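Structural description and commentary
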Amino acid sequence: MVADWPGYYEGTFPLGEDRRMTVQLWVRSDSTFVIRQRRGEADTLPEGAIGRWQAVDLPGGPATGLLRFQHGGNPPDHYQRTETGLAFMDVINGVGASAGMALEKLADEIGDEIPRMRLRGEFTYMADAMSFRPCGSPFSWPCAGGEEWTDEGEVLGSLNTAELERHYLRSVKQGGDPWLIEVECSLAMGPAMEGDGADEYIFIHRVLGSAEACP
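Residues numbered from 1 in each chain as written. Predicted model: local features only at pLDDT ≥ 70, side-chain atom pairs only at ≥ 80, totals over all residues. Heavy atoms only, no water.

Another point: the environment of D177. As for its placement among the helices and strands, D177 is situated in the loop between α1 (161-171) and β12 (179-191). For the pair formed by D177 and F123, sequence separation is 54 residues and the distance between their alpha carbons is 8.6 Å. If we skip the residues at most four places from it in the chain, D177 touches F123, T124, Y168 and V172. (Helix = DSSP H or I, 4+ residues; strand = E, 2+ residues; numbered from the N terminus. Contact = heavy atoms within 4.5 Å.)

Written as structure tokens, this is what we have:
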């Protein structure tokens, strides 16, 4: 059942020459996912991506179906459910599990916070509202400077929202234009844009540079 897929998964994948990649995967009940990948000890800031997932059946594939992850213009990744989590499936060279490439399901419930990662996307500022649409995602998130996330933003010298606004206005021809950038960011809950309650925000701690067009 699709309801069984959501949760938090983690594992390490071989990269060759005794190097491994740490993979963290948040599979959400709204058919979105967040993946965070760190390639070896030298990769101090993990690479992130946000996209959509769906349960699919492939010709010649397992009878139980697969989970397909699509983000950006890259070919989608496919995983099969196992007793402990998910196994990466090679669908290009014939459907089969790839040795040593498995993620363990560590939690059914997903926490409110996703740690810092490197992420590409379109930042927009209009009518005093900031938003960020990650490459490969059909959705935008409300956005603020990372200093507003007081749990760690102030301690680690993140951008504040006013600095982020000035950086944006210096970089676009006119307000409201999309600004395609790569950022160091985290996801956490913040005050709702309208009414009471809370929304999930992308908190931008640093702008790492301009980025190529989203696929």
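Structure's up, so let's keep going.
Another point: the nonpolar core. Counting 24 residues, the largest nonpolar core has L119, F123, F132, I202 and I204 as its most contacted members. Among the elements of the structure, β9 (114-126), β10 (129-134), β11 (141-145), α1, β12 and β13 (198-210) are those that each provide at least two residues to this core. Among all residues touching I204, those that are not within four sequence positions of it are F123, F132, C143, A144, G145, G146, L159, L164, V183, E184 and C185. Counting residues in hydrophobic clusters, the runner-up holds 18 residues, among them F13, A49, M101 and L103. (Core = buried A, V, L, I, M, F, W, Y, C linked by side-chain atoms within 4.5 Å. Buried < 20%, exposed > 50% of the residue type's maximum accessible area, 1.4 Å probe, protein only.)

Time to look at the pattern of salt bridges. The tally for this structure, following the rule as stated, stands at seven salt bridges. In this structure, E182 and R118 form a salt bridge, with 3.4 Å as the shortest nitrogen-oxygen distance. Note that E182 is positioned in strand β12 and R118 in strand β9, a separation of 64 residues in sequence. Judged by its relative accessible area of 24%, E182 is partly exposed. Using a relative accessible area of 22% as the deciding quantity, one classes R118 as partly exposed. The partner of E184 in a salt bridge is R206, and the shortest N-O contact between them spans 2.5 Å. Here R206 lies in strand β13 and E184 lies in strand β12, a separation of 22 residues in the sequence. Residue classification places R206 among the partly exposed residues on the basis of a relative accessible area of 44%. Within the structure, one salt-bridge network assembled from shared partners comprises R116, E184 and R206. (Salt bridge = Lys/Arg side-chain N within 4 Å of Asp/Glu carboxyl O.)

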